[in-house]
Number of protein chains: 2
Amino acid sequence: MDCCPPLHSPLDEDDAVELAAVLKALADPARLRLLSIIGSASDGWACACDLHEPLDRSQPTVSHHLSTLVKAGLVEREQRGKWAWFRVRPERIDAVRQALDLGTLPISG
Amino acid sequence: MDCCPPLHSPLDEDDAVELAAVLKALADPARLRLLSIIGSASDGWACACDLHEPLDRSQPTVSHHLSTLVKAGLVEREQRGKWAWFRVRPERIDAVRQALDLGTLPISG
DNA sequence: TCATCGATTCGATGACCATCGATACATCAA
DNA sequence: TTGATGTATCGATGGTCATCGAATCGATGA
């Protein structure tokens with residue numbers, strides 16, 4: 001998936017639904033903080049076991065948010081034995097940023 | 001409001017709530033299409049009367065979405081006699097794009 | 001094989017929200 | 001002033017989702 005069509009082009013309903021789905025995955029405080037925490041890991045990878053404590057949410061809730069991020073393609077998951085490790089996919093977030101580009105809008109001039 | 005703290009900095013709960021609120025306003029197909037349509041207007045301003053038809057939603061629904069966009073600061077409203085006119089505020093959308101910047105993350109190298 | 005511990009899934013609950021029809025409000029024209 | 005029209009608000013409804021505790025799954029080590 002090449003996510004997502006830019007906002008400055010005429011956005012049909014299907015494209016809008018697709019872009020909205022990714023934005024909805026971002027539009028939650030817990031998930032934004034997860035992205036921030038995971039992205040701040042020294043080598044980019046963070047263990048799930050280190051995530052629920054700083055988030056101050058229950059472990060099942062954090063697991064739910066992580067799977068939401070994975071399903072949206074914003075985060076990558078890797079199983080290492082007993083532990084699950086996660087990594088931000090910056091190219092996906094960049095795609096969202098580009099979709100929100102208004103640079104070619106008349107009003108921006 | 002200087003919306004919003006960048007994702008690559010440690011995001012505390014308050015900042016995350018604030019950024020999530022703006023993203024939530026964006027995370028709806030109808031509102032994305034509204035932004036797209038309004039932004040495509042020749043002079044940047046679009047009349048509400050021209051918006052519900054291409055959106056294929058009822059007039060009250062479109063009015064609701066427009067007020068959501070205004071409340072989030074993403075769109076500006078101006079009353080011209082009987083008609084309401086709207087304009088995208090690109091600097092606000094740009095602020096969201098910058099908040100999503102991952103450029104300084106270690107993983108992006 | 002069994003006990004342990006981390007992680008996910010399940011089920012329930014309460015909150016929020018997109019949507020609509022009906023209504024009310026505001027402005028313009030006659 | 002009256003009627004027509006554009007817009008916002010109200011109330012209701014159905015759906016989605018964040019959250020949690022409990023249960024389940026899976027891997028490790030004894």
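The preceding data block contains the structure.
Criteria and cut-off values
- Within each chain, residue numbers correspond to sequence positions counted from 1 in written order.
- Working convention: letters from A go to chains and numbers from 1 go to ligands, in the order in which they are written.
- Owing to the predicted nature of the model, reporting of local features is limited to residues with pLDDT of at least 70; listing and counting of side-chain atom pairs is limited to 80 or more, with chain, interface and lining totals taken over all residues.
- With hydrogens and water stripped out, all remaining heavy atoms of the structure feed into the side-chain values.
- Whether two residues touch is decided by their heavy atoms; if any such pair falls within 4.5 Å, the residues are in contact.
- Buried area is understood as the total, over both parts, of accessible area removed when two parts are fitted together, assessed with a 1.4 Å probe.
- Salt bridge, as used here, is a side-chain nitrogen of Lys or Arg placed within 4 Å of a carboxyl oxygen of Asp or Glu.
- Two N or O atoms count as a polar contact when they lie within 3.5 Å, although within protein this holds only if one can serve as hydrogen donor and the other as acceptor, and sequence-adjacent residues are included solely when both atoms are side-chain atoms.
- A helix here means a DSSP run of H or I that spans at least four residues, while a strand means a run of E at least two residues long, and both kinds are numbered starting from the N terminus.
- The rule for a disulfide is simple: a pair of cysteine sulfur atoms within 2.5 Å.
- Think of it in three bands: residues with accessible area under 20% of the maximum for their type are buried, residues over 50% are exposed, and the middle band is partly exposed, with areas taken using a 1.4 Å probe on protein chains only.
- Here a residue counts as near a molecule or strand whenever at least one of its heavy atoms sits within 4 Å of it.
- Amino acid classes used here: Ala, Val, Leu, Ile, Met, Phe, Trp, Tyr, Cys and Pro are nonpolar; Asp, Glu, Lys and Arg are charged; the rest, including Gly, are polar.

Engineer: Sorry, what's going on with the interface of chain B and chain A here?
Structural biologist: Often the size quoted for an interface is simply the accessible area lost on bringing the parts together. Each partner contributes to the interface: chain B provides 41 residues, whereas chain A provides 40 residues. For the pair chain B and chain A, the two sides together bury roughly 3,200 Å², of which 69% comes from carbon and sulfur. If you look at where chain B meets chain A, you find 6 salt bridges. Between Arg97 of chain A and Asp101 of chain B there is a salt bridge, and its shortest N-O distance comes to 3.8 Å. On the surface where chain B and chain A come into contact, there are 9 residue pairs in polar contact (both at pLDDT 80 or more). Elements with a contribution of two residues or more to the side of chain B that touches chain A: helix H1 (13-26), helix H2 (29-39), strand E3 (83-88) and helix H5 (90-99) of chain B. Here the side of chain B that touches chain A gets 8 residues from one element, more than from any other, and that element is H1 of chain B.

Engineer: Is there a simple way to think about the state of the cysteines in this case?
Structural biologist: Covalent bonding between the sulfur atoms of two cysteines defines a disulfide. Residues and elements named next belong to chain A. Counted by the stated rule, this structure contains 2 disulfides over all chains. Between Cys47 and Cys49 runs a disulfide, and the two sulfur atoms are separated by 2.4 Å. Sign of the S-S torsion, about 125 degrees for the bond between Cys47 and Cys49, identifies this disulfide as right-handed. For Cys49, a relative accessible area of 40% puts it in the partly exposed group.

Engineer: Can you help me understand the protein's contact with DNA strand C in this one?
Structural biologist: Neighbouring DNA strand C are 22 residues; Gln59 of chain A together with Arg57, Ser58, Thr61 and His65 of chain B lie closest to it. Sugar plus phosphate: this is where 71% of the atoms of DNA strand C within 4 Å of the protein reside. Arg57 of chain B places a polar side-chain atom, nitrogen or oxygen, 2.8 Å from a phosphate oxygen of DNA strand C. If you list the elements that add at least two residues to the surface near DNA strand C, you get helix H4 (59-71) and strand E3 (83-88) of chain A together with H2 and helix H4 (59-71) of chain B. By residue number, the principal contributor to the surface near DNA strand C is H4 of chain B, which donates 4 residues. Here the surface near DNA strand C is composed, by residue class, of 8 nonpolar, 7 polar and 7 charged.

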